[in-house]
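# Notes for the structure review
Each chain, letter by letter, is given below.
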Amino acid sequence: MLQYKFCFLVFVCLHLFCPDLSAQNSAVTIETVKNLTQQSCDYLDETNYEKSLKKSGLALKYAFDLKNDTLIARNYNIIGINFHDLGELDKAVFFYKKALFYAEKSNIVSLKTMITSNLGNLYFFEKKMYSEGITYYKQSLKFGQQQKYQKEIAITNLNLVWSYFKIGNFKEGLPYLQYINEHQNDLKGKSDDIALNFLNGMYWSHQNENRKADQYFLKALSQNKSVDDKQDLSYAYLEYSKFLDKIGKHEQAYDNLVLYNKITDELFNKSKLKKASKAGISLELAEYKRHIEKIENEKTSQTQSLKKSRIIVILFILISFILLFLIVTLIKNIGLKKKHNLELLEAKEIAEEASTLKTQFISTISHELRTPLYGVVGITNMLLEEHKELSQSQHLSALKFSARYLLSLVNDILQINKIEENKVVLESLTFNISDEITVIRNSLSFLAQKNNNKINVDIDEAIPEYLIGDKLRLGQILMNLVSNALKFTKDGEVEIIVKLNKIEGSFHYLDFLIKDNGVGIAAVDQNKIFEKFVQVGRKDEDYQGTGLGLSIVKRLLGLFGSSITLESDLGAGTSFSFVIPFEHDPLKTRKIIENIEVDLTSNDIYKILIVEDNLINQLVTKKIIEKNNFICKVVDDGFAALKILEKEEFDLILMDINMPLMNGFETTKRIRLLEIKTPVVALTAFDKDEITHEAVSAGMNDIIVKPFEPVKLFKILNYLITESKSAKNAG
Ligand code: ADP
């Protein structure tokens, strides 16, 4: 049969198409596998299937070891041919397809050409599945044409002609026949010549060109003595017999049929032998197939585990890299952190420095502003007192108002700054809540009258008479809230309500409510107004605030551990409320009161020395002192003070702090060094808390902050002078 020729071709071609593959790092070399493959081919040639399969099985195992796809494909093909030959068609298909898979992988065209051709033979001639067979032949032809394998192309064309003619499709088969007729030289086997001639015979017979057909048949049969493969010859006899029968030469047809049968018998006997040898190994075939499959499975699982271990290695490397990266980042971060910490430290220092500078700046500015303001307020007062006729002057009252306004602004800024710097500590003073509120009410009565407002005070009777706490700060809070209420209410009512909320131990919690029925505050503004310098809904004519009042209130309440609640409706009024706990301790209270109750009234005429460099301030202070019938001398600086003190004795010294040449502290220190015990009171525009420590250590007895209430000054003067005189007398 035709297909055997082509299988044989495979063996011959093995060496030709085997690519020169370099040896791999293995005990078995490619050469060894090639040799084994060749041996397997040789055994197959001898129809020694057992040995052929053994050799190809071993070659296949090694080919897998070497991962050589070409040799794997080749050996699968040999195994396929073995099974094909032995009639185990399904197994043959199985191995051919494997061979084709690896041939595709290695992309060796010659191999693909052979294997598809073998598959075509198997389907067409053995399984009689003609269309599958033709499909594989066509594939084979396509591969062959890619590499211009002339002989393979010719044989496949021959196979295709035979296939189409076999199914009676002469039209489809004709182009292939024409091709071989034109390329006869490519067919080098005699068996192929027989086939070509009898196929031409068949064609012309079909075309009813009997003379031509007869010639071709006779040419085919003329080769009969010299061919080994009788298969094609037998077919030639059969087809010729059919032709003779068709043209009415029945006797000759019969003779040819006899010859056909003779050859077929011969072939049958041969195949019987083959079958016998097949029977000998048939039992082993199934086992063999399993064995071959196992080889591949093993390789696959080896490859998989290799892949797995590769993945593990890659993962390991990856994790190591990540760890390394993390460590490097960590080290860098530590470095950065250190750097960052240093930067933070620097930033902190800068911030602290800035904060100190800010405090210093505010304190200096306050001082510088307070000093001239002291003069302005003092002189305005003097003018009003000395020239009673000017009391109605609008200019003068405007001047007084402006000076007071500026003064309150400076004080407010200073206070906010102090609270923000955490420099404010609440004091414990005894007070009566009604008295405090009365003082506030009285001092704001002018404002109430101005806007035609009534102030109603309602104090819970359950509140003890005396409480202990920072009454000055409470006064400040109430002052701000009540004055706002009075400012933003016209022809209305302002209520100050204090109720006892609860008692916890010695602490009495007081509810404060400051309520008005004035303009109210829009909801959008209610949060804003507690910020610094915020004023809303203010008309120019009402210009009486700094926008710091509520901000101070909020911060002061914070010191009390309290917070403010605001309820307001535009046009309906506003109410502010908060709770403050005050201590109530009768024993403590009595002690504090006893200490305060000192008789400060005196009709004596005292001699006061004023040390002051600012001429206006000299004038103002001197006027205040002399107004109280005290004798007073003024010197411009510390040295002058020391000089005068050597000669004259004074009852008290009022000492300015900020002076050129020698400041107030230094002057006082030197006075004390001279053993002069005269009380020294610092009269300064500095904030009291700022200088207390330095003043005391310099030997000063008290501090009065300018501008001051004259009454307050005389209270202190009287107290200190009386004390020093009694000490002197005692001494
Ligand atoms: P100022 O010192 O200018 O009064 P505040 O901080 O005390 O500043 O108040 C801020 C703003 O809050 C005021 O300009 C005003 O618009 C509003 N405000 C405060 N209290 C009242 C009130 N009782 N009624 C209406 N508006 C008020």
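The structure under discussion appears in the preceding block.
Computed from a predicted structure; not experimentally measured.

### Structural notes on unusual backbone geometry
A positive phi angle, close to 55°, is found at Lys67, a residue other than glycine. Among the secondary structure elements, Lys67 is positioned in the loop between α3 (49-65) and α4 (69-85). According to the relative accessible area criterion, Lys67 is exposed, its value standing at 57%. Despite not being glycine, Asp491 has its phi angle at roughly 50°, a positive value. With respect to the element layout, Asp491 can be found in the loop between α17 (471-487) and β4 (493-504). Note on Asp491: relative accessible area 58%, which makes it exposed.

### Focus: the pairing of strand β9 (residues 631-635)
Looking at chain direction, strand β8 (residues 607-611) and β9 are connected through 5 bridges and run parallel. Along β9, the bridge assignment pairs Val611 with Val635. As a crossover connection, the stretch from β8 through helix α20 (residues 615-627) into β9 is right-handed.

### Some details on the packing of aromatic side chains
Scanning all chains against the criterion turns up 26 aromatic pairs. Judged by centre distance (6.4 Å) and plane angle (80°), the ring pair of Phe64 and Tyr76 falls under edge-to-face. Here Phe64 is found in helix α3, whereas its partner Tyr76 is found in helix α4, with 12 residues between them in sequence. For the pair Phe64 and Tyr76, one class covers both residues: buried. Here the aromatic rings of Tyr203 and Trp204 are separated by 5.0 Å at their centres, their planes lie at 75°, and the arrangement is edge-to-face. You'll find Tyr203 and Trp204 in the same group, each marked buried. Of the aromatic side chains, those joined through ring pairs into one cluster are Phe64, Tyr76, Phe83, Phe94, Phe95, Phe101 and Tyr102.

### Examining the side chain of Asp470
Relative to the helices and strands, Asp470 resides in the loop between β3 (467-469) and α17. Assessed through its relative accessible area of 1%, Asp470 is described here as buried. Setting aside its immediate chain neighbours within four residues, Asp470 contacts Val425, Leu426, Glu427, Phe560 and Phe582.

### Let's talk about α20
The end-to-end C-alpha distance of α20, which contains 13 residues, comes to 18 Å, matching closely the 18 Å that a straight helix rising 1.5 Å per residue would cover. The backbone nitrogen of Ile616 lies 3.0 Å from a side-chain oxygen of the residue at the head of α20, namely Asn614.

### Topic: helix α7 (residues 130-147)
Under the 1.5 Å per step criterion, the end-to-end length of α7 is 26 Å for 18 residues, consistent within 8% with the ideal 26 Å. Among the residues of α7, those classed as buried are Gly133, Ile134, Tyr136, Tyr137, Ser140, Leu141, Phe143 and Gly144. Packed against the buried residues of α7 are α5 (89-106), α6 (109-126), α8 (150-166) and α9 (170-182). Among the residues trailing α7, Lys148 stands out with phi positive, at a value near 55°.

### Considering a nonpolar patch on the surface
On the surface, Ile311, Ile314, Leu315, Leu318, Ile319, Ile322, Leu323, Phe325, Leu326, Ile327 and Ile331 cluster together into a nonpolar patch covering about 1,100 Å² of accessible area. The topology assignment puts Ile314 in helix α13 (residues 250-386).

### Brief notes about the sheet that holds strand β11 (residues 680-684)
The 5 strands are arranged β9-β8-β10-β11-β12 in an open sheet whose pairing can be described as parallel. Each of the sheet's edge strands pairs with one partner strand only, and the pair in question is β9 and β12 (702-705). The mean inter-strand angle of the sheet, taken between neighbouring strand axes irrespective of direction, is 25°. Judged from the 4 bridges that link them, β11 and β12 form a sheet pairing that is parallel.

### A few points about the pattern of salt bridges
Counted by the stated rule, this structure contains 17 salt bridges. Here Lys706 makes a salt bridge to Asp656, at a shortest N to O gap of 3.7 Å. Residue Lys706 is found in the loop between β12 and α24 (710-730), and its partner Asp656 is found in the loop between β10 (652-655) and α22 (664-673); the two are separated by 50 residues along the sequence. Note on Lys706: relative accessible area 1%, which makes it buried. In this structure Asp656 comes out as buried when scored by relative accessible area, which is 4%. Here the salt bridges share partners, and the residues they tie into one network are Lys607, Lys633 and Glu648.

### A closer look at a positive patch on the surface
The grouping of Lys67, Lys105, Lys307 and Arg310 at the surface amounts to a positive patch. Along the polypeptide, Arg310 turns up in helix α13. Exposure remark for Arg310: the relative accessible area of 51% places this residue in the exposed category.

### Here's the deal with the environment of Lys591
Relative to the helices and strands, Lys591 is located in helix α19 (residues 586-596). The exposure class assigned to Lys591 is exposed, which follows from its relative accessible area of 61%. Distance in space between the C-alpha atoms of Lys591 and Thr430 is 9.7 Å, their sequence separation being 161 residues.

What counts, and where the lines are drawn
Residues numbered from 1 in each chain as written. Predicted model: local features only at pLDDT ≥ 70, side-chain atom pairs only at ≥ 80, totals over all residues. Heavy atoms only, no water. Helix = DSSP H or I, 4+ residues; strand = E, 2+ residues; numbered from the N terminus. Buried < 20%, exposed > 50% of the residue type's maximum accessible area, 1.4 Å probe, protein only. Pairing = 2+ DSSP bridges. Right-handed = clockwise from strand over helix to strand, strands pointing away. Phe/Tyr/Trp six-rings, centres within 6.5 Å; stacked < 30°, edge-to-face > 60°. Contact = heavy atoms within 4.5 Å. Expected span 1.5 Å × (residues − 1). Polar contact = N/O pair within 3.5 Å; in protein donor to acceptor, adjacent residues only side chain to side chain. Patch = residues over 30% accessible without salt bridge, like charges linked within 9 Å, V, L, I, M, F, W, Y side chains within 5 Å. Areas by Shrake-Rupley, 256 points an atom, 1.4 Å probe, with all protein chains shown as cover. Salt bridge = Lys/Arg side-chain N within 4 Å of Asp/Glu carboxyl O. Axes fitted to C-alpha atoms, helices over the stretch in contact; angles between N-to-C directions. Lys, Arg positive; Asp, Glu negative; His and termini not counted. Charge placed at Lys NZ, Arg CZ, Asp CG, Glu CD.

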